[in-house]
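Chain by chain, the residues:
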Amino acid sequence: MNAYYSTLSGWLIPITRAMKSHDIDPIKTLEKFDISPSEVNDPEGRVCVQSLGNLFAYCNNKVGGRAFNIEVARSFHPSVLHALGYAVQSAYSLQEALERVAQYKRVVSNCCNMYAYEERGVDFVSDLEVYRYADSGRQVLTPHMIEAFQATLVQLSRDIVGRDFNPIKIQFNFERPSTDCEVAAAFFDCPIEYGCDRNAVVMDAEIAQAQSIGSNPAINEMHLEMLNKFMCRVDKTNLTFQIETRIVDELPLGAPSQADVAKQLGLSLRNLQRKLNDQGTCYKDILDNTRKRLTMNYIKQPHMSISEIGYLVGFSNVANFNRAFRRWEGCAPGEYRHRYLSANTLAESCRH
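The rules behind the values
Residues numbered from 1 in each chain as written. Predicted model: local features only at pLDDT ≥ 70, side-chain atom pairs only at ≥ 80, totals over all residues. Heavy atoms only, no water. 1 Å grid on protein atoms, 1.4 Å probe; cavity = no way out; pocket = protein on both sides within 12 Å on 5 of 7 lines; lining within 4 Å. Points joined across faces, edges and corners; volume = space filled by probe spheres on them. Helix = DSSP H or I, 4+ residues; strand = E, 2+ residues; numbered from the N terminus. Buried < 20%, exposed > 50% of the residue type's maximum accessible area, 1.4 Å probe, protein only. pLDDT = per-residue confidence, 0-100. Contact = heavy atoms within 4.5 Å. Pairing = 2+ DSSP bridges. Axes fitted to C-alpha atoms, helices over the stretch in contact; angles between N-to-C directions. Patch = residues over 30% accessible without salt bridge, like charges linked within 9 Å, V, L, I, M, F, W, Y side chains within 5 Å. Areas by Shrake-Rupley, 256 points an atom, 1.4 Å probe, with all protein chains shown as cover. Salt bridge = Lys/Arg side-chain N within 4 Å of Asp/Glu carboxyl O.

Participant: With reference to specific residues and values, describe empty space enclosed by the protein.
Facilitator: Under the defined criterion, the tally for this structure stands at five cavities of 30 Å³ or more. Looking at the largest cavity, its volume works out to about 210 Å³. Where the lining of the largest cavity is concerned, the elements lending two or more residues are α3 (49–63) and α8 (143–161).

Participant: Lay out unusual backbone geometry in plain terms, naming residues and giving numbers.
Facilitator: Even without being a glycine, D34 presents a positive backbone phi close to 60°. Mapped onto the elements of the fold, D34 is located in the loop between α2 (26–32) and β2 (46–48). For D189, which is not glycine, the phi torsion reads 50° and is therefore positive. Position of D189 relative to the elements: it lies in the loop between α9 (182–188) and β6 (192–193). Since its relative accessible area comes to 47%, D189 is described here as partly exposed.

Participant: So what's going on with the confidence of the model for the chain? Residues and values would help.
Facilitator: Low pLDDT marks stretches whose predicted atomic positions should not be read closely. Mean pLDDT over the chain stands at 88; residues scoring 70 or higher make up 94%. Element-level pLDDT for the chain is lowest in helix α11 (residues 217–234), with a mean of 77, against a maximum mean of 97 in strand β5 (residues 169–171). Low pLDDT (under 50) marks residues 345–352, which in the prediction has 17 contacts with non-local residues, meaning those over four places away or in another chain.

Participant: Break down the sheet that holds strand β4 (residues 123–130) for me, with residues and values.
Facilitator: Here we have five strands laid out as an open sheet, ordered β3-β4-β7-β5-β6, and mixed in their pairing. Each edge of the open sheet carries a strand with a single partner, namely β3 (112–119) and β6. Summarising the sheet, β5 and β6 pair through two bridges and their orientation is parallel. Bridge pairing in β6 places I170 opposite I192. Contacting β3, β4 and β7 (199–204), helix α6 (residues 94–103) runs over the sheet at an angle of about 150° to β3.

Participant: Explain a nonpolar patch on the surface to me, using residue names and the numbers behind them.
Facilitator: A surface patch of nonpolar side chains, about 260 Å² in accessible area, is lined by I219, M222 and M226. Structurally, M222 can be placed in helix α11.

Participant: If you had to explain the pairing of β7 to someone new, which residues and values would you point to?
Facilitator: For β7, the tally of buried residues reaches five of six residues, placing the bulk of the element in the interior. Across six bridges, the pairing between β4 and β7 is antiparallel. Considered in β7, the bridge of L128 is made with N199. Of the strand pairs in this sheet, β5 and β7 are connected by three bridges, and their pairing is antiparallel. Note that in β7 the partner of Q171 across the bridge is A200.

See below:
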């Protein structure tokens with residue numbers, strides 16, 4: 001039996017906007033594919049991916065070609081992604097924004113994995129790994145949906161770094177469609193490759209790492225806390241989010257022990273360790289990554305002193321905090337802040 005694959009109902013907002021722009025009746029069309037129009041009103045609702053795939057095929061057939069996929073991307077707004085969308089908007093850079101999408105992809109859908117990484121030191125890649133149905137081996141997302149999602153990532157990237165942003169290239173793991181689409185070619189405005197071993201948006205790493213216009217560390221941290229609480233509700237099988245939420249709550253009083261967190265979760269210490277090992281992580285790494293994430297947001301806020309930051313992320317004294325920061329970034333926290341505030345960009349030289 002195949003698993004039930006779904007996606008966030010917020011996607012219905014750009015989809016219905018795209019329908020209206022092409023004179024397709026949204027309500028009648030959604031109902032035709034057993035999708036309730038009222039799902040738009042539930043920000044945490046889910047929609048069957050198979051129904052959406054049929055909907056995309058129908059709309060593209062009505063419009064002709066694949067222009068509907070691109071119109072969905074043009075109609076996208078980050079609020080579609082719940083708290084993740086706002087965390088993305090306030091991220092330091094495009095790279096950080098896409099890393100957030102990859103990290104919290106289960107907010108968006110349970111039918112794929114997404115990876116965001118540097119390649120050869122000059123490219124930054126957003127790589128979409130789509131799951132396959134167990135019985136047929138067919139990809140859960142149709143080519144129309146994959147193209148629409150990749151186009152949405154390009155649209156999101158333009159919102160973050162500027163409208164003149166273009167990827168280096170787009171790669172799809174499905175075969176070239178029988179007819180070309182001028183709308184898609186004009187939208188991506190870069191080489192498009194088909195029959196590849198991945199679905200990827202490849203971009204210039206330097207552009208991806210530059211500070212974005214909407215960067216706001218204080219707002220970003222607030223949205224990430226909301227996001228972790230949301231993830232605790234929608235993905236109860238992922239202990240990482242459950243643990244991180246409890247660590248964030250406890251850190252100002254000192255780093256909680258693994259035994260304390262296990263007790264809060266109703267697990268024995270050994271059971272917690274086993275479950276984390278099954279997920280390829282451990283408590284020490286989650287604690288360290290949480291401290292680092294909080295610190296990198298706090299350090300960019302000039303009104304917060306270095307000692308205050310160390311206290312908020314659970315260090316008993318400034319010396320221990322300084323040692324941890326040097327391990328994370330290769331320089332002292334004061335030096336990092338000075339470079340950040342004076343150059344308004346990450347000083348990669350301080351890492352070396």
